[in-house]
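# Summary of the model geometry
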Amino acid sequence: VEDFCLAEDHPWIKLEDDILYDEGGKRLVRCFNSGVTEIVIPEGVTSVGNRAFYSSGNLAAVTLPDSVTTINSGAFTNCSKAIILYCADDSYAA
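Predicted model only: the values in this text are computed from it and were never measured.

### Brief notes about the sheet that holds strand β1 (residues 13-16)
- Spatially, the 5 strands line up as an open sheet ordered β1-β2-β3-β5-β7, and their pairing is mixed. Since the sheet does not close on itself, it has two edges, and those belong to β1 and β7 (70-71), each with one partner.
- Bridge count between β1 and strand β2 (residues 19-22): 4 bridges; the pairing is antiparallel. Bridged to Ile13 within β2 is Asp22.

Dropping the structure here:
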């Protein structure tokens, strides 16, 4: 995606740091920065969508907040590196 425009006051979709969220920021839909090497998903996000990090070839580490309870299949499709997922020992993701 070369250009993406979204109204700042959109009630249920937001774009922050090249990452698209929906459902009021609860679902990470897509990371548009294919060169990202690591990401910290913000607290409050509950799910990571299918193909959210599609072809993020440089992605090596993802930090999950305790709020994430679902990572959809294919979230990391076509990522060429092994990805380390960081989460708290007592989190749902552990």
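### Quick word on the nonpolar core
- Of all hydrophobic cores here, the largest spans 17 residues; its most connected members are Leu28, Ile41 and Phe53.
- Every element with two or more residues in this core is listed here: β2 and β3 (27-31).

### Description of the environment of Glu23
- Tracing the sequence through the fold places Glu23 in the loop between β2 and β3.
- The spatial distance from the C-alpha of Glu23 to the C-alpha of Ile13 is 6.5 Å, given a sequence separation of 10 residues.

Rules of the game
Residues numbered from 1 in each chain as written. Predicted model: local features only at pLDDT ≥ 70, side-chain atom pairs only at ≥ 80, totals over all residues. Heavy atoms only, no water. Pairing = 2+ DSSP bridges. Helix = DSSP H or I, 4+ residues; strand = E, 2+ residues; numbered from the N terminus. Core = buried A, V, L, I, M, F, W, Y, C linked by side-chain atoms within 4.5 Å. Buried < 20%, exposed > 50% of the residue type's maximum accessible area, 1.4 Å probe, protein only.

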